[in-house]
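What follows is the residue order along each chain.
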Amino acid sequence: MALGGKSKRSSASPVRGAQRSRVLRIIGGTWRARKLRFPASAAIRPTPDRVRETLFNWLGAAVRGAQCLDLFAGSGALGLEALSRGAAQVTFIERDAVAARELTLLLTEWQAGNAQVIRADALRYLAGAPRRLDIVFLDPPFASGLLSEAAAALEQRGWLEPGALIYVECAAREGLPSLPAGWQPLKAKQAGEVGYHLFAHAAPGIQTV
């Protein structure tokens, strides 16, 4: 993984040789069972199928019509799953040039007009002009120290709508780092070495469920 972009995840649509690629599949929605390939040489860490299935069961109807950010996109599996399930718009941020290019090609092939891939360092992107988000997928490289920094930037710079949902993935053995006080924990599970969590952003005076 490269710092600032989850280059432990990369996606590819046109694959040059099966031996140089790995495959994920979309779990649900209009693209259900559709496969996406990503280069094995990118040393990526995609969110496993069963974790994505649990996450999107948690999110449920909140995905439809949502403004989403896949901050450390890599393969883009989380953002693609959101698009498949009716998200209004998904922005993918990925620092690695190959991963960003392959994800762009995939989205073009799948005719996803409501998606944007930005090749950028995640923290630098968050330092720019914010837009209000309903769902954020926050899955940086493990042991990078980026999780706490990215969470703080999302909170302090006004990226989150009141009640916004934030998915956080981290190494289970390390546990969660310091996160904003206004993030209310909703769900949490562990799958092998991966700990995954769902939070709701609570602005002052806003009660989350």
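Notes on the structure in this doc start here. (Residues numbered from 1 in each chain as written. Predicted model: local features only at pLDDT ≥ 70, side-chain atom pairs only at ≥ 80, totals over all residues. Heavy atoms only, no water.)

### Side note on the overall build of the protein
Across its full length, the protein carries 5 helices and 9 strands. From first element to last, N terminus to C terminus, the protein shows the α and β order β-β-α-β-α-β-α-β-α-β-α-β-β-β. For the protein, the residues scored as buried account for 51% of the 209 residues in total. Within the protein, counting contacts between residues at least 6 apart in sequence, those at least 24 apart form 69% of the total. Roughly 9,300 Å² of accessible area belongs to the protein as shown, and the carbon and sulfur atoms make up 48% of that amount. (Helix = DSSP H or I, 4+ residues; strand = E, 2+ residues; numbered from the N terminus. Buried < 20%, exposed > 50% of the residue type's maximum accessible area, 1.4 Å probe, protein only. Contact = heavy atoms within 4.5 Å. Areas by Shrake-Rupley, 256 points an atom, 1.4 Å probe, with all protein chains shown as cover.)

### Comments concerning the nonpolar core
Residues Leu55, Leu80 and Phe137 are the most contacted members of the largest nonpolar core, which totals 36 residues. Of all the elements in the fold, those that place two or more residues in this core are strand E2 (35-39), helix H1 (49-59), helix H2 (77-84), strand E4 (89-94), helix H3 (97-109), strand E6 (133-138), strand E7 (160-171) and strand E9 (194-201). Those residues in contact with leucine 80, other than ones at most four positions away along the chain, are Ile26, Trp31, Leu36, Ser75, Phe92, Leu103, Leu106, Leu107 and Trp110. If you look at the next biggest cluster of nonpolar residues, it comprises 26 residues, including Leu126, Val136, Leu138 and Ala153. (Core = buried A, V, L, I, M, F, W, Y, C linked by side-chain atoms within 4.5 Å.)

### A short note on H2
An α-helical segment advances 3.6 residues per turn. Residues three or four places apart therefore align on the same side. With respect to burial, H2 is a largely interior element, 8 of its 8 residues being buried. Among the residues of H2, those classed as buried are Ala77, Leu78, Gly79, Leu80, Glu81, Ala82, Leu83 and Ser84. Downstream of H2 by one or two residues, glycine 86 has phi in the positive range, about 100°.

### Some remarks on H3
Counted at 1.5 Å a residue, the expected span for H3 with its 13 residues is 18 Å, and the 18 Å between its end C-alpha atoms agrees. Turning to H3, its buried residues are Ala99, Ala100, Glu102, Leu103, Leu106 and Leu107. One face of H3 carries all of its buried residues, which in axial projection span an arc of 170°. N-cap assignment for H3: the residue whose side-chain oxygen lies 3.2 Å from the backbone N of valine 98 is aspartate 96. The positive-phi residue at the C-terminal boundary of H3 is glutamine 111, with phi of around 55°. (Expected span 1.5 Å × (residues − 1). Arc of directions from axis to C-beta. Polar contact = N/O pair within 3.5 Å; in protein donor to acceptor, adjacent residues only side chain to side chain.)

### Quick word on the sheet that holds strand E8 (residues 183-191)
The strand order E5-E4-E3-E6-E7-E9-E8 describes an open sheet built from 7 strands, whose pairing is mixed. Looking at which strands have only one partner, the edges of the open sheet turn out to be strand E5 (115-119) and E8. Between one strand axis and the next, the sheet turns through 15° on average, direction left out of account. Two strands pair when backbone bridges link them, and strand E3 (residues 67-70) and E6 are joined in this way by 3 bridges, in the parallel orientation. By the bridge assignment, aspartate 70 is partnered in E6 with phenylalanine 137. H2 contacts E3, E4, E5, E6 and E7 of the sheet and is inclined by roughly 170° relative to E4. (Pairing = 2+ DSSP bridges. Axes fitted to C-alpha atoms, helices over the stretch in contact; angles between N-to-C directions.)

### Comments concerning the packing of aromatic side chains
Tallied over the entire structure, the rule returns 5 aromatic pairs. Seen in terms of ring centroids, phenylalanine 56 and phenylalanine 137 are 5.9 Å apart; in terms of plane orientation they differ by 40°. Their pairing is tilted. Of this pair, phenylalanine 56 sits in helix H1 while phenylalanine 137 is found in strand E6, placing the two residues 81 residues apart along the sequence. Take phenylalanine 56: its relative accessible area is 3%, and that puts it in the buried class. Considering the side-chain rings of tyrosine 125 and tryptophan 159, the 5.3 Å spacing of their centres and the 35° angle between planes classify their relative orientation as tilted. (Phe/Tyr/Trp six-rings, centres within 6.5 Å; stacked < 30°, edge-to-face > 60°.)

### As for the side chain of serine 75
Residue position: serine 75 is located in the loop between E3 and H2. Of the polar contacts made by the side chain of serine 75, one reaches the backbone nitrogen of alanine 77; its length is 3.2 Å.

### A few points about the pairing of E7
Across a regular strand the side chains alternate sides, sitting on one face of the sheet and then on the other. Burial analysis of E7 places 9 of its 12 residues in the buried class, the great majority of the element. Two strands pair when backbone bridges link them, and E6 and E7 are joined in this way by 5 bridges, in the parallel orientation. Counted as the bridge partner of valine 136 is isoleucine 166 from E7. The handedness of the E6 to E7 crossover, carried by helix H5 (residues 146-156), is right-handed. Examined bridge by bridge, E7 and E9 share 7 bridges and lie antiparallel to one another. Across the sheet, cysteine 170 pairs through a bridge with glycine 195, a residue of E9. (Right-handed = clockwise from strand over helix to strand, strands pointing away.)

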